[in-house]
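This is what each chain is made of:
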Amino acid sequence: MSVVPYKHKDGSKREQVAEMFDNISPKYDLLNHLLSAGVDIYWRKRAIKLLRKQQPKIILDIATGTGDFAIEALSLKPEKIIGVDISEGMLAVGREKIAKLGKQDVITLQSGDSESLTFSNNYFDAIIVSFGVRNFQNLLTGLTEMNRVMKPGGTCVVVEFSKPRSFPFKQFYNFYFKYILPLIGKTVSKDSSAYTYLPESVQAFPDGEAFLEIFKKAGFINTRCIPLTFGICSIYIGHK
């Protein structure tokens, strides 16, 4: 059974995740940077640097949220970035940020289901996603869709939480994720379930080699995993 934000409610994981992000969207960016002590910014920068050699012109940002990863990808000087997300609340925040930067001509954010993309085959030069694949209802379906819409020779970069495995950081991390993070998240966002769902979904997520196996099943080749910050986060790279 998949982990969902609101265990007392009916509805698919997709529906519940959309509702959760709509609820927390006004405070999402603040909490992201607060709870990670700003390290999430470094993680995204590190991931985007991996695409510099390729210099992709058309980029798809899956589960774009408030557009942070899409905005970071501007450093690659692409012609077009399309961000897709199921939460209209998150997209609204993202559009405001992009408008303030005056980058509406480059970045377009649109509502869409990452597991049923409306784009044609072999369309994007690169696909990026940060902290989104963990929320897929069906991970293999979502990754397969990403592979379908990416051009042969393209690169997919996935940033996702992972589980530290070394003592004593593993123990500290588990304590923080289980007790401190949900308390701060609940206090700031006023959603008691969203930041309980976060550690639960990370715990249930197939990280490391397990993720690479699913990545390969989805059609990606030459895959690799780069653990960051004692294994709290990992960057996964795949090609087509």
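Everything here concerns the structure above.
Residues numbered from 1 in each chain as written. Predicted model: local features only at pLDDT ≥ 70, side-chain atom pairs only at ≥ 80, totals over all residues. Heavy atoms only, no water.

Time to look at the pattern of salt bridges. This model, assessed by the stated rule, comprises 15 salt bridges. Its salt-bridge partner being Arg14, residue Glu115 comes within 3.4 Å of it at the nearest N-O pair. With Glu115 in the loop between strand 3 (107–111) and strand 4 (124–130) and Arg14 in helix 1 (residues 13–24), this residue pair connects regions lying 101 residues apart in the sequence. Classification of Arg14 as partly exposed rests on a relative accessible area of 26%. Connected through shared salt-bridge partners, Arg14, Asp113 and Glu115 make up one network. (Salt bridge = Lys/Arg side-chain N within 4 Å of Asp/Glu carboxyl O. Helix = DSSP H or I, 4+ residues; strand = E, 2+ residues; numbered from the N terminus. Buried < 20%, exposed > 50% of the residue type's maximum accessible area, 1.4 Å probe, protein only.)

Another aspect to go through is helix 2 (residues 28–35). For helix 2, the full list of buried residues reads Tyr28, Asp29, Leu31, Asn32 and Leu35. Buried residues in helix 2, looked at end-on, bunch into an arc of 165°, giving them a common side. (Arc of directions from axis to C-beta.)

Among the surface-exposed residues, Phe175, Tyr179 and Ile180 lie close enough to one another that they form a single nonpolar patch of about 300 Å² accessible area. Its place among the elements puts Ile180 in helix 7 (residues 169–189). (Patch = residues over 30% accessible without salt bridge, like charges linked within 9 Å, V, L, I, M, F, W, Y side chains within 5 Å. Areas by Shrake-Rupley, 256 points an atom, 1.4 Å probe, with all protein chains shown as cover.)

The strand order 3-2-1-4-5-7-6 describes an open sheet built from seven strands, whose pairing is mixed. With one partner strand each, in any of the chains shown, strand 3 and strand 6 (221–228) form the two edges of the open sheet. Ignoring strand direction, the axes of neighbouring strands in this sheet form an average angle of 15°. Pairing of strand 2 (residues 80–85) with strand 3 involves five bridges; the strand directions are parallel. Following the sheet pairing, Ile82 is matched in strand 3 by Thr108. Here helix 6 (residues 139–149) sits on the sheet in contact with strand 1 (58–62), strand 4 and strand 5 (150–161), set at roughly 145° to strand 5. (Pairing = 2+ DSSP bridges. Axes fitted to C-alpha atoms, helices over the stretch in contact; angles between N-to-C directions. Contact = heavy atoms within 4.5 Å.)

Read these as spatial facts, not as claims about activity.
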